[in-house]
Amino acid sequence: MTLTVDDLRVHYRTLRGDVRALDGVSFTVADGEILGLVGESGCGKTTLGKSLIRMDGRMRHIGGTVTLDGDDVPVGDDRAMNAFRFHRISLVPQYSMSALNPTRRIGRMVRELLASRGVSVDTGELHRRLALVGLGPEVLERYPIELSGGMKQRTVMVISTLLDPSLLVADEVTSALDVSNQKAVAHALVGLRDRGLVTSMVFITHDLALTSHIADTVMVMYAGRLAEKAPAGVLTTAPRHPYTRRLLAALPEAGVRRSQGRLSGIEGSPPSLLSPPAGCRFRDRCPLADDRCAEQPPVVEVAPRHHVACWKA
Amino acid sequence: MRRYFARKLLVYVLTFVFAVTVNWMIPRFMPGDPVSAMISRARVSQPEAVEAMRAYYNELFGFDRPVWEQYLHFWGSLLQGDFGLSIWVFPQPVSSVILGALPYTLALMVPAVLLSWFVGNWLGALAARRKVLDNTVLPAGYLLTAMPYMWIAVLLAWLLGAKAGWFPVSGGYSLDIQPTWTWHFFTDALHHWVLPFLSLFLVALGGWAIGMRNMIIYELEADHSSYLSALGAPQRLIRRYAFRNAVLPQITGLALQLGVLVAGALVTEIVFNYPGLGSLILAAIQNRDFFLLQGTFLFIVIGVLIANFIIDLVYVVVDPRTRTGMAGGR
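Residues numbered from 1 in each chain as written. Chains lettered and ligands numbered in written order. Predicted model: local features only at pLDDT ≥ 70, side-chain atom pairs only at ≥ 80, totals over all residues. Heavy atoms only, no water.

How should the overall build of chain B be read in this particular structure?
Counting its regular elements, chain B contains 13 helices and zero strands. Ordered by position in the sequence, the α and β elements of chain B form the string α-α-α-α-α-α-α-α-α-α-α-α-α. Taking the principal axes of the C-alpha coordinates as reference, chain B spans close to 90 × 60 × 35 Å. Per-residue burial over chain B gives 45% buried out of 330 residues. (Helix = DSSP H or I, 4+ residues; strand = E, 2+ residues; numbered from the N terminus. Buried < 20%, exposed > 50% of the residue type's maximum accessible area, 1.4 Å probe, protein only.)

What follows is the structure, encoded as structure tokens:
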């Protein structure tokens, strides 16, 4: 069992009160598993990804635990987390295009970063890893402005996984790319796992279609909570949660014309997390909702490895 | 690279020509007649003598020739290093008057500009993201940078000079000694140098500290800093990277500020009666001494242009983006 997250609660401090971005989320990621994390903006997926490696100044760890390979991960303690960062948990950030310092040659930055973490550079290994994502060793002599967006993205992927972390958090890495680059990056990520360079991965995206291709398991989040978690094939073909169903129905398919049926969106918008309503948070937008939904549905394993938080599932 | 410098050099040459032309024009179109001023100083009353003197001076300074000829002649003698004769301390050549004052201004300006830049940047970088320091350095910085040069100069002269009596408030050296290469003169000049230096240094210091603090905070919030933190890099490394990036706009700022700093130095010199170019300009204006005024302005323009060119060179060395940009993105 690589990663176990138990009842994790993370709030954002604001002047108007706490925003409950992550309100009791539990799940596990096994060795070699790629977990796809999907949901609308503001559902808590990026908050979850950040919580696993580095909370920003406004985030507060309210409760819950994270365990990695049997060790407790001190997510709320910025200093104590440093031992885990890079060595055991690493990040390919949303902002890969601007993640590299513009005034340092990439090779020098990697050397200085590794030295600061007490690791010496194995140049041969570094070149080999760059070759795996289709980059030549001369990239190390370049400044970031001399690389294209896709090259920067791949360079960051190589740097982040240089110390063979147990867990890689990939946050919206494909969102800014065109489809062919998306495919290349997705393949590269799966390749990292297949070669054992990272043990397991949390792949955060809003692209349900892409996730279902590369993830083993897909977890759908809604308003700071888990809605449904199932093997990728099951989730896309036999979803149980009404939110997942509507999310799938909202995906466009290439070549389908309007006369063959219109895409249905999801009416309404997610609730404010400043003071979320009691009970199921999808209730207001759910076509199936009834009185029972005023009570918060527990996460239930309805089939092997298939978890759903819905009374109707 | 060569094209870049050729273009830069062309801009500097054009600026120089323009500055020299304006410089030549301004005193000539100012009200007042320097020759009459000199004649009245001589207190001659016979009209024939006055006429003779006027003719002599007009011929000597070339005022009897057409304006365009005066302009060309000005350029010709300028290129030979001849700035003409001073009217104020007639018949000393302007160049020797200026060269006598130049060391004082340089001794004031160069340390004040460089030290305030270094110390200000260092203070600002230190203050950024450190609560206690930030709450003291920032208000102090705003206070200093908002002070007019002459006001802080008067304040320092009153506090440290008149009240405490630590430093002399006037002149470049004591009246009872002559400038010589002796230890005695050097310590005396240093003693006189402290207050004007301090007033220039303090005003500039505040601006640099505030600029650097803001730039560092911006850099620490930048994505590349977040990435380093996410990979557990120590604060020391992250701050070092942020500092390196934050210094770049400060170097540009130095180039932009040079003119303002020169103006500040001139005002400060006048307050402390310091025998540099500032006092020279004042004397030249009071005595309608065109040639001295022109020569002094010209020296200042040349100085600012040279300093800007040096900063251009430094920028190419420290910012790889200008370097790779010039090499055609390779």
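Sorry, what's going on with the domain arrangement of chain B here?
All names here are of chain B. By the assigned domains, chain B splits into domain 1 (2-79) and domain 2 (97-319). One C-alpha centre belongs to domain 1, the other to domain 2; they are set 33 Å apart. Summed over both partners, the interface of domain 1 with domain 2 comes to about 1800 Å²; 75% of that surface belongs to carbon and sulfur atoms. In this assembly, domain 1 and domain 2 are joined by one salt bridge. Where Lys8 meets Asp312, a salt bridge forms, and the shortest distance between an N and an O atom there is 3.5 Å. Taken together, the links from domain 1 to domain 2 amount to five residue pairs in polar contact (both at pLDDT 80 or more). Mapped onto the side of domain 1 that touches domain 2, the elements with two or more residues apiece are α1 (2-29), α2 (34-42) and α4 (67-79). Per-element accounting of the side of domain 1 that touches domain 2 gives the leading share, 13 residues, to α1. Across the side of domain 1 that touches domain 2, the residue classes tally to 16 nonpolar, three polar and four charged. (Domains from an automatic or database assignment. Buried area = accessible area lost by both parts, 1.4 Å probe. Salt bridge = Lys/Arg side-chain N within 4 Å of Asp/Glu carboxyl O. Polar contact = N/O pair within 3.5 Å; in protein donor to acceptor, adjacent residues only side chain to side chain. Nonpolar A, V, L, I, M, F, W, Y, C, P; charged D, E, K, R; others polar.)

Hey, could you run me through the sheet that holds strand β6 (residues 89-92) of chain A in this one?
Where strands meet in a sheet, backbone hydrogen bonds hold them as pairs that are either parallel or antiparallel. Residue and element names in this part refer to chain A. Strands sit in the order β6-β7-β8-β3-β9-β10-β12-β11 across an open sheet of eight strands; the sheet is mixed. The two strands at the open ends of the sheet, each matched to only one other strand, are β6 and β11 (300-303). Sheet twist, expressed as the average angle between the axes of neighbouring strands with direction ignored, equals 25°. (Pairing = 2+ DSSP bridges. Axes fitted to C-alpha atoms, helices over the stretch in contact; angles between N-to-C directions.)

What's the story with the packing of helix α5 (residues 149-160) of chain A against helix α6 (residues 179-194) of chain A in this structure? I'm lost.
When two helices pack together, you describe them by how their axes are tilted relative to each other and by the distance separating the axes. All names here are of chain A. Where α5 meets α6, the closest approach of the two axes is 11 Å, and the angle between their N-to-C directions is 10°. Taken together, the axes of α5 and α6 are roughly parallel relative to one another. Residues Gly150, Gln153 and Met157 of α5 pack against Asn181, Val185, Ala188 and Leu189 of α6. In terms of residue class, the contact of α5 with α6 is made up of four nonpolar, three polar and no charged. (Parallel < 35°, antiparallel > 145°, perpendicular 65-115°, else oblique. Contact = heavy atoms within 4.5 Å.)

I keep staring at the interface of chain B and chain A and nothing clicks. Help me out?
Interfaces are often sized by the amount of accessible area the parts lose when they come together. Taken together, the contact between chain B and chain A spans 24 residues of the former and 30 residues of the latter. When chain B packs against chain A, close to 2300 Å² is buried across both sides, 58% of that on carbon and sulfur atoms. When residues of chain B are sorted by the area they lose upon contact with chain A, B:Tyr227, B:Leu231 and B:Tyr241 head the list and together hold 30% of the total. Run the count over chain B and chain A and you get one salt bridge. Two residues, A:Glu112 and B:Arg240, come together in a salt bridge whose shortest N-O distance is 3.9 Å.

Would you explain helix α6 (residues 131-146) of chain B in this entry?
Since the α-helix turns once every 3.6 residues, residues separated by three or four places project in the same direction. All names here are of chain B. The end-to-end C-alpha distance of α6, which contains 16 residues, comes to 23 Å, matching closely the 22 Å that a straight helix rising 1.5 Å per residue would cover. Restricting attention to buried positions, one finds in α6 the residues Asp134, Val137, Leu138, Gly141 and Leu144. The buried side chains of α6 occupy one side of the element, clustering within an arc of 135° when seen end-on. Counted as exposed and oriented over 90 degrees from the buried face of α6: Val132, Asn135, Leu143 and Ala146. The inward-facing, buried residues of α6 abut α5 (94-127), α7 (149-163) and α8 (183-221). (Expected span 1.5 Å × (residues − 1). Arc of directions from axis to C-beta.)

Would you explain unusual backbone geometry in this entry?
Of all residues except glycine, most have a negative phi; of all peptide bonds, most are trans. Residues and elements named next belong to chain A. In this structure, Phe86 is a non-glycine residue whose phi angle is positive, near 70°. Its identity is not glycine, yet Asp164 carries a phi of approximately 50°, on the positive side. The residue Asp164 is located in the loop between α5 and β7 (167-171) in this model.

Got a minute to help me understand the packing of helix α9 (residues 223-230) of chain B against helix α10 (residues 235-271) of chain B in this structure?
All names here are of chain B. The contact between α9 and α10 brings their axes to 10 Å, and the two run at 165°. In terms of orientation, α9 and α10 fall into the roughly antiparallel class. Crossing of α9 against α10: the hand is right-handed. Contacts between α9 and α10 involve His224, Ser225, Leu228 and Ser229 on the former and, on the latter, Ile238, Tyr241 and Asn245. For the contact of α9 with α10, the class distribution of residues is three nonpolar, four polar and no charged. (Left-handed = near helix turned anticlockwise from the far one by under 90°.)

In this structure, what is going on with the pattern of salt bridges? I would like to understand it.
Two side chains of opposite charge can pair, provided their charged atoms sit close to one another. All names here are of chain A. Under the counting rule described, the total for this entry stands at 23 salt bridges over all chains. Across the pair Asp56 and Arg58 runs a salt bridge, and its minimum N-O distance is 3.3 Å. The class for Arg58 is partly exposed, based on a relative accessible area of 49%. Residues Arg85 and Asp78 are paired through a salt bridge, measuring 2.7 Å at the closest nitrogen-oxygen approach. The exposure class assigned to Arg85 is buried, which follows from its relative accessible area of 3%. Each of Asp7, Arg9, Asp23, Arg225 and Arg281 takes part in salt bridges that share partners, so that together they form one network.

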